[in-house]
Each structure stands twice: as structure tokens, then as C-alpha cells.
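Structure assessment
Letter by letter, the chains look like this.
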Amino acid sequence: MTQNRSYGILSIPVIVGALGYFVDIYDLLLFGIVRRQSLMDLGLRGDELVTVGENIISWQMAGLLIGGIIWGIMGDRKGRRSVLFGSILMYSLANIANGMITTTGQYAAVRFIAGIGLAGELGAGITLVAELLPKEKRGIATSLVAGLGLTGAVVAYFVSQSFDWRLCYYIGGALGLLLLFLRVSVFESGMFEAAKEARVQKGNLLMFFNKGERFKKYLLSILIGLPTWYVIGVLVTFSDQFAQYFGITEPVSPGKAIMYAYAGISLGDIAIGFVSQGLRSRKKALYIFYALTAISVLLFFNQDGGSAANMYWICAAMGFATGFWAIFVTMAAEQFGTNLRATAATTVPNVVRGSLPLIIVLFKSLRGSMDYASAALVTGSIVMAIAVVAAILSKETFGKDLNFLEH
């Protein structure tokens, strides 16, 4: 189903894209929110809550990495809509199964499968919106998709406060299945339909590596997003452990920290769309939010003797500062032609998500030679340095015409 009409910022593709990402984020972040409750219910205590939690989230992120490749290729070969249907069906069923697990091994396996399904949502949604809307509107539209969608983490937190963790997973699965019916009203991209007739390779992952300039664009697109998952996957997810190190005597809930962080990310993602539009530059907006990230991370590591409330507000500040997720994925979509665009926009954010296990490995290795907080700070400094250099070397994509092919 295709249509060549002009869409507005609050049109059906944008609204349905935002709802899809809402469910995606609800399911993606739910483990971090119910981690302690669910693992304790399975009989874990003490250090096991950290080590097993790190293991399960690493499996989920590995699933995202593999799923990003699968759904990205499918998006360029079969269509953006096919990914939006297939991915949501997979992760919805996986989350329903997650409510039935009885061992940590099953937990890791189901989160891996859910990760594969979750990988397709954002990239396909951003690609479809970017191709359907006029270039003057797509930056704000994709920011709205991400910004409104990210409120799924806030809803996940409040649902977790009212229901058992198993029911939370069932609710996520049910929301996804309901969204399938709304997806019927979304049209396929006209650019994709035109590209189907062209005699070019479509969704060929190897094309990102067979030309030096294209590989450089692809690698830089990945590296500029690394700080987001350092902040969320290390600082926010394990905020309870950092609180103990900082001497915060009140209990800190990782689930509440995630909720505050994602409320901030939601606002940041919307804000950066307007900042980018006002400056007429993706890169300048990115530099501003990198600076805010550095400031908020430094505040995080200066909480000795602080309070739980202060921790939550700093997590919100870090969330707002790392609210460049939509712009970074939009830049990935804008860098490449229609026959590789879905593959790029889907694999890039999932490679970033999939980098979390490597960031955790770096963090763990540094803990052998320095204290917990210092290791985390050094890890963050390395990640930020890599991202800033990548952003400097990246090309500006604001206002770029997307109707072109890769050869």
C-alpha cells in the first residue's frame, strides 16, 4: 500500500510511529525497571543481582544487534511496513513468554529473542517517516516519534509500581499486539516502491564495507551514538550501586532512576529537533547536547553524601542531555540511499545498543585497577571522546534530498 501525498508533522505515520516506539521502549526498558524485583523473585541475592543482571541485559543487547541486521536488510528488500509488522509481533510474543519464565537461563534466552524483535521498530519507523515527510519537516517529525515514544519508559515504571513484574511483561506484549491493528492504516514509502524497480542491490550489508567512504560514514554514524547507552546502560541502570558508593543512605530504585532518565530523554529528543531546525544543522545541535551530557555526567559523579532525590534529578538531567537519539538515527537514515537506508537506520542504533556489553567489559576491566566510580568515569570519558571525534568527522545532513540510490 503506497501513497504519494504530502504528510504533516502530526500525520498518521508520525503518530503510529510514535506509538510503536512507545511500546518498543516500554518493553526494552522493562527489564532494567523490574530487574531487582524479578531476580529476587527467582531466588537471587547480593552480588548475584548485579552479575546476573549484567549478563541478562548483555543477552538482550546482543539480540538487538543481530535483530538490527535482520530487520534492516528486510526493510530494504521487503519494505518498511513489513518490518514494522514483523518486529512488533515477535517482541510482543516474546514479552508474553517472559511472564512465564522460571529460571535465569530462560530469562536471558527470552530477553535475547525479545531483543531481536525490538531491533526493528525505531529504524524502520524513522526511515518511513523520513521518506514520507518533506525534508523541511522530517527533523522535527522524527524527533517527535522518538520523544513521544520514549515516554514508554515512564509508563513502564508506573505500571511496575502497580503490578507484579510478570504482569508488566504481559501488558507490554498485549500493547504490541493491539498496535498491529493501527499499523494497517500506514502507507508504504513511495521512495522504496520506486527503488524496487531499480537495478541496484538492496539491503546488502556488505555494501557498507566495500567502499572506503561509505564504510567511514557508517562507522561514524554508529560512534556518535555511544554516549546514550553508556549513560543508560551503566550509570542509570546501576544507579543503586553508585548510590551505595557515593554514601547515599536512602535506597535508590534503578526503576525510578530509569523513569526519570527517560522522561528527560523524551523532552531532550523533542527539544533537539527544534534546536536542529532553528540552527539548520544536525551537527551543531549534537555538539550542544554533547556538552550538556558531559556536564550532567560530572554532576552524577559529585554526589558524595547526597540524596536519592538528587540522584533521580541528575538522572533526568543526563537523560535530557542524551536526548539526541532521534537526531543520531535520522542522520544515519539521511547518510545513505533508499536501497540501503532502512539497513543503515536499523543497524546503526542497534549496533550502538549492542555495544553496551563492550562498554560493560571495559568498565569491569577498569574496576580491577581502580574503584567503582573512577572506573565508570574513565569509561565515560573514553566513550565521550570517541563520540565527539566521530561527530566532527561526520557530514552535515540537514535538508538533504533523500531520493537517491547507492551503487
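These lines cover the structure that appears in this document, whether it is placed above or below. (Residues numbered from 1 in each chain as written. Predicted model: local features only at pLDDT ≥ 70, side-chain atom pairs only at ≥ 80, totals over all residues. Heavy atoms only, no water.)

**Here we look at the packing of aromatic side chains**
Summed over all chains, the structure comprises 26 aromatic pairs. Consider the rings of tyrosine 107 and tyrosine 169, whose centres lie 6.3 Å apart with planes at 80°: the pair is edge-to-face. One end of the pair, tyrosine 107, is in helix 4 (residues 104-118); the other, tyrosine 169, is in helix 8 (residues 165-183), with 62 residues separating them in the sequence. Overall, the relative accessible area of 0% leaves tyrosine 107 in the buried class. Considering the side-chain rings of phenylalanine 208 and phenylalanine 336, the 5.1 Å spacing of their centres and the 90° angle between planes classify their relative orientation as edge-to-face. With phenylalanine 208 in the loop between helix 9 (190-196) and helix 10 (212-223) and phenylalanine 336 in the loop between helix 16 (325-335) and helix 17 (338-354), the pair connects residues that are 128 residues apart, well separated along the chain. Summarising the burial analysis for this pair, phenylalanine 208 and phenylalanine 336 share the class buried. (Phe/Tyr/Trp six-rings, centres within 6.5 Å; stacked < 30°, edge-to-face > 60°. Helix = DSSP H or I, 4+ residues; strand = E, 2+ residues; numbered from the N terminus. Buried < 20%, exposed > 50% of the residue type's maximum accessible area, 1.4 Å probe, protein only.)

**With respect to the packing of helix 2 (residues 48-77) against helix 18 (residues 356-366)**
Two numbers describe how helix 2 lies on helix 18: the axes approach to 9 Å, and their chain directions differ by 145°. On helix 18, the residues touching Glu54, Ile57, Ser58 and Met61 of helix 2 are Leu356, Pro357, Ile360 and Lys364. Within the contact of helix 2 with helix 18, the residues separate by chemical class into five nonpolar, one polar and two charged. (Axes fitted to C-alpha atoms, helices over the stretch in contact; angles between N-to-C directions. Contact = heavy atoms within 4.5 Å. Nonpolar A, V, L, I, M, F, W, Y, C, P; charged D, E, K, R; others polar.)

**Thoughts on the nonpolar core**
One finds Tyr107, Leu235, Phe242, Tyr262 and Phe301 to be the most contacted residues of the largest nonpolar core, which totals 127 residues. Of the residues forming this core, the biggest block, 14 residues, is contributed by helix 1 (residues 12-41). With sequence-adjacent residues up to four places away left out, tyrosine 107 is seen in contact with Phe31, Val34, Ser38, Leu39, Leu42, Ile56, Asn98, Ile101, Trp165 and Tyr169. (Core = buried A, V, L, I, M, F, W, Y, C linked by side-chain atoms within 4.5 Å.)

**Re unusual backbone geometry**
Trans is the prevailing form of peptide bonds, just as negative phi is the prevailing case for residues other than glycine. You will see that arginine 280, though not glycine, has its phi angle at about 55°, which is positive. When you line up the elements, arginine 280 lands in the loop between helix 13 (254-279) and helix 14 (282-300). Of the residues examined, arginine 280 reaches a relative accessible area of 58% and is grouped as exposed.

**Observations concerning the packing of helix 13 against helix 16**
At a minimum axis separation of 7 Å, helix 13 and helix 16 run at an interaxial angle of 55°. Taken together, helix 13 and helix 16 sit at an angle that is classed as oblique. Two secondary-structure elements touch here, helix 13 through Asp269, Ile272, Gly273 and Ser276 and helix 16 through Trp325, Ala326 and Ile327. By residue class, the composition of the contact of helix 13 with helix 16 is four nonpolar, two polar and one charged. (Parallel < 35°, antiparallel > 145°, perpendicular 65-115°, else oblique.)

**As for the pattern of salt bridges**
Applying the stated rule across the entire model yields 12 salt bridges. The salt bridge involving glutamate 131 is made with arginine 80; its shortest N-O contact spans 2.7 Å. Of this pair, glutamate 131 sits in helix 5 (residues 121-132) while arginine 80 sits in helix 3 (residues 80-98), and the two are 51 residues apart along the sequence. The class of arginine 80 is buried, set by a relative accessible area of 0%. (Salt bridge = Lys/Arg side-chain N within 4 Å of Asp/Glu carboxyl O.)

**Some remarks on the side chain of threonine 346**
When you line up the elements, threonine 346 lands in helix 17. Classification of threonine 346 as buried rests on a relative accessible area of 1%. Engagement of the side chain of threonine 346 in a polar contact is seen with the backbone oxygen of alanine 342, the distance being 2.7 Å. Setting aside residues up to four positions removed in sequence, threonine 346 forms contacts with Gly68, Trp71, Gly72, Ala119, Gly120, Gly123 and Ala124. (Polar contact = N/O pair within 3.5 Å; in protein donor to acceptor, adjacent residues only side chain to side chain.)

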